[in-house]
Amino acid sequence: MRFNVQGEPTASTRILIVASLIAFIFGYFVFRLFGVQVTQHAEYASAAEEQSTSTTVQQAQRGQILVRDKDGKIYTLAASEEEYQLLVAPQQVKNKEALAAELAKLVPQLSEKEIFTKINNDRVYVPPLIKGLTRTKADQIINSEFRGVYVEPQLVRVYTEGAAIAAQILGYVGADGQGKYGIEAAYDKVLRGVAGSEQAKQDSFGRLIDILSGDTPEPGKDVLLTVDYNLQYFVERQLQTAIKNYKADSGSIVVMETKTGAILAMAGQPTYDPNNYSKLKPSDQRKFLTPSVSDAYEAGSVVKPITMAIALDKGLVKPTTSQVFGGSVKVGGYEIKNAEDKTYGQETMTEVLQNSDNIAMVWVSKKIGIPNQYSYLQKFGFGDKTHLGLVGESTGVIHQQKDWNETLSATAAFGQGFSLTVIQLANAYATLANEGRSVYPHLVAGTISGETIEPIQYNQGEQVIKKSTSKSILKMLEAVVLNGHGKKAQISGVRVGGKTGTAEVASASGGYDENKHIGTFAGVFPVNNPKYVMVVRLDDPKTVKFAESSAAPTFQIIGDWMANYFRLR
């Protein structure tokens, strides 16, 4: 290195120093570039790829819930429809005031001020400005090509009839995409299908460049119910009318095929609109349940034909067996009386059912004995679920045999002291009418994939009572409708058998509330060729006291309509 006489570097030396420094810096960056491009290429490439690609879950099309009418015409009660939501990425928008003004013209539901307030920031994402846009409106927004504005499709569940038809049977789909209550929950895996995915490449502004790969969603299967569309509609209307006319608190009705267990109608009131399920107050969310399945109660005298069938089946009595009965009887320290303290005296077993004689039923229960009574009640399906699979299904309450005593045996003979559901009662009456063989109550006829209907095969029932017993009890039930408390259930031109039940309501503090009652009518028709079972329950009707004046007439109105609809006359 050269220096001048004053000890300072010469010009040539300074040039050499600067050139060396430049060469060092250049060499360092070449080395770093080599490291990035060669030794760390995979790491940086992966990071860049992650920033420019995104994977989104693709919703599967949820299956529909369908019903038919008697002619086979199919109706959709639940379906998934595509709607769109409007999204804005404020960070990508240069003139937010101008964008707010333009969007307000396309989406008049929002004011210019509302839009500007939501997007006046530099966030990458803000919640959707609006949901539920139609495809036409979505296309208008897309074609406007606003920078930072996106339209995203969404599958939403739509219930075509709202609260009008079978809401409690259907249930709803929650915000998490899972079925809640009803068929939506019971068949969620079938309806839901399998979600897919989509990997997309984006530019630095998040705009789509290309679809890289993806798995196609597998749509869910449609579920075809056994429910008859027209009958369900009529039953819903008549239940509402009955509750209004008799000033009842609530009610439920089931109509079922006697020989198959297929449920043709199942209505409960009060109900709700599954399109607006989130609007229900917590105190009203019991409306989500299906009361025919979830609400157990002591049904009263509608149980008497079942007790009588047990005695007939064991050969302990005949329909013509005659006995004298008083107006009251003491059992286990309790006095049991007939309604309105009536005394019927000499009666045949058929007349016992016609008169709905409690005292006579106590006598019948003693002849049966606790072991037989308990065993048969189990065979009829009491104390067990019907396997409909609906959320909240109740087993009812029937005490274990070891806990039975003569008092419980006596009261159970006329439907007090143990509880059941409307669907269990309908199931039991179907057994009485179906030559003594039980059925398998069900709501789903099959599933549909594409054009293929896959019917569901249900288990055959057990022989609970003899065919001869079934034949006898049907004649006795017909006598109740012709000559007893079931007269108001008569259907012109159709033979009907059935029984009323007016039960006191169990009190939370013990005993029964004498000021409240539940009216039930359970019936079968036509008696000569039993096709249908119907149970009508009205909770605490205020305008009448007995079921023969509330539940029975409601049964008659629906039965008469069915006689025309199914051409039974």
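What counts and what doesn't
Residues numbered from 1 in each chain as written. Predicted model: local features only at pLDDT ≥ 70, side-chain atom pairs only at ≥ 80, totals over all residues. Heavy atoms only, no water. Helix = DSSP H or I, 4+ residues; strand = E, 2+ residues; numbered from the N terminus. Contact = heavy atoms within 4.5 Å. Areas by Shrake-Rupley, 256 points an atom, 1.4 Å probe, with all protein chains shown as cover. Salt bridge = Lys/Arg side-chain N within 4 Å of Asp/Glu carboxyl O. Buried < 20%, exposed > 50% of the residue type's maximum accessible area, 1.4 Å probe, protein only. Phe/Tyr/Trp six-rings, centres within 6.5 Å; stacked < 30°, edge-to-face > 60°. Lys NZ or Arg CZ within 6 Å of the ring centre and 35° of its normal. Core = buried A, V, L, I, M, F, W, Y, C linked by side-chain atoms within 4.5 Å. 1 Å grid on protein atoms, 1.4 Å probe; cavity = no way out; pocket = protein on both sides within 12 Å on 5 of 7 lines; lining within 4 Å. Points joined across faces, edges and corners; volume = space filled by probe spheres on them. Nonpolar A, V, L, I, M, F, W, Y, C, P; charged D, E, K, R; others polar. Pairing = 2+ DSSP bridges. Axes fitted to C-alpha atoms, helices over the stretch in contact; angles between N-to-C directions.

Turning to the overall build of the protein chain, a few remarks are in order. A tally of helices and strands in the protein chain yields 18 helices and 21 strands. The long-range fraction of contacts in the protein chain, counting pairs at least 24 apart against all pairs at least 6 apart in sequence, stands at 70%. In the form shown here, the protein chain has an accessible surface area of approximately 27900 Å², with 50% of it arising from carbon and sulfur atoms.

Let us look at the pattern of salt bridges. A side chain with one charge may pair with a side chain of the opposite charge, provided their charged atoms come close. Summed over all chains, the structure comprises 19 salt bridges. With a closest N to O distance of 2.2 Å, Arg192 and Asp188 form a salt bridge. One end of the pair, Arg192, and the other, Asp188, are both in helix α8 (residues 188-192), 4 residues apart, so they sit about a helical turn from each other. The class of Asp188 is buried, set by a relative accessible area of 8%. Across the pair Lys402 and Asp403 runs a salt bridge, and its minimum N-O distance is 3.4 Å. On the accessibility criterion, Lys402 (67% relative accessible area) is exposed. Given the relative accessible area of 43%, Asp403 is considered partly exposed.

This next bit is on the packing of aromatic side chains. Throughout the structure, instances matching the rule amount to 17 aromatic pairs. Between Tyr75 and Tyr229, the ring centres sit 3.9 Å apart and the planes meet at 5°, which makes this aromatic pair stacked. Here Tyr75 is found in strand β3 (residues 74-88), whereas its partner Tyr229 is found in helix α9 (residues 229-245), with 154 residues between them in sequence. Like Tyr75, the residue Tyr229 is buried in the burial classification. Ring centres of Phe525 and Phe555 lie 5.8 Å apart, and the angle between their planes is 85°; on these two criteria the pair is classed as edge-to-face. With a gap of 30 residues between them, Phe525 in strand β20 (residues 512-525) and Phe555 in helix α18 (residues 551-565) connect regions that are remote in the sequence. Overall, the relative accessible area of 0% leaves Phe555 in the buried class. The ring of Tyr565 carries the charged tip of Lys70 above its face, separated from the ring centre by 5.4 Å. Looking at Arg537, its charged tip hangs above the ring of Tyr297, at a distance of 3.9 Å from the centre.

Here we take up the nonpolar core. Among the nonpolar cores identified, the biggest contains 85 residues, and Ile183, Leu225, Ile306, Met308, Phe380, Leu425 and Tyr429 are the most heavily contacted of them. Top contributing element to this core by residue count: helix α16 (residues 422-433), with 9 residues. Beyond its immediate sequence surroundings of up to four residues, Met308 is in contact with Val317, Met349, Val352, Leu353, Met361, Val364, Ile473 and Met476.

This next bit is on empty space enclosed by the protein. Using the criterion set out here, one finds 1 cavity of 30 Å³ or more in the structure. Around the largest cavity sit Ala166, Ala167, Gln168, Ile169, Gln232, Glu236, Met266, Ala267, Gly268, Thr271 and Thr290, which together line it. Within the residue set of the lining of the largest cavity, elements represented by two or more residues are α6 (167-170), α9 and β12 (263-269). Grouping the constituent residues of the lining of the largest cavity by class yields 5 nonpolar, 5 polar and 1 charged.

What follows deals with unusual backbone geometry. The amide bond that connects Gln269 to the next residue, Pro270, takes the cis arrangement and shows omega of 0°. Going from Phe525 to Pro526, the amide bond is cis rather than trans, its omega being -20°. Secondary-structure assignment places Pro526 in the loop between β20 and β21 (532-539). One non-glycine residue, Ser356, adopts positive backbone phi at about 55°. Residue placement: Ser356 occurs in the loop between α12 (349-355) and α13 (358-368). Look at Ser356 and you get buried, because its relative accessible area is 13%. Phi is positive for Glu435, which is not a glycine, with a value near 55°.

This paragraph deals with the pairing of strand β11 (residues 250-257). The side chains of a regular strand alternate, first on one face of the sheet and then on the other. Burial within β11 is extensive, with 7 of its 8 residues counted as buried. Note: β11 against β21, 8 bridges, orientation antiparallel. Within β21, the residue paired with Ser250 across the bridge is Asp539. Looking at chain direction, β11 and β12 are connected through 6 bridges and run antiparallel. Its bridge partner being in β12, Ser252 is matched across the sheet by Gly268. Between β11 and β12, which follow one another and run antiparallel, lie 5 residues, and Gly261 among them has a positive phi close to 85°.

Spatially, β12-β11-β21-β20-β19 is the arrangement adopted by the 5 strands of the open sheet, whose pairing is antiparallel. Each of the sheet's edge strands pairs with one partner strand only, and the pair in question is β12 and β19 (497-506). The sheet shows a mean angle of 10° between the axes of neighbouring strands, taken without regard to direction. Note: β20 against β21, 8 bridges, orientation antiparallel. Looking at β21, one finds that Ala522 is bridged to Val535. Helix-sheet contacts for α16 involve β11, β12, β19, β20 and β21, and the interaxial angle to β11 is about 30°.

All right, on to the side chain of Gln168 then. Among the structural elements, Gln168 can be located in helix α6. On the basis of relative accessible area, Gln168 is assigned to the buried category, the value being 5%. Setting aside chain neighbours within four positions, we find Gln168 in contact with Gly182, Gly268, Pro270, Thr271, Tyr272, Lys287, Phe288, Leu289, Thr290 and Pro291.

Bringing the environment of Ala167 into the picture now. Looking at the element boundaries, Ala167 is found in helix α6. Sequence separation between Ala167 and Thr290 is 123 residues, and the spatial gap between their C-alpha atoms is 8.9 Å. When sequence neighbours within four positions are dropped, the list of residues in contact with Ala167 reads Gly162, Thr271, Tyr272 and Pro274.

In short, shape yes, function no, at least from these values alone.
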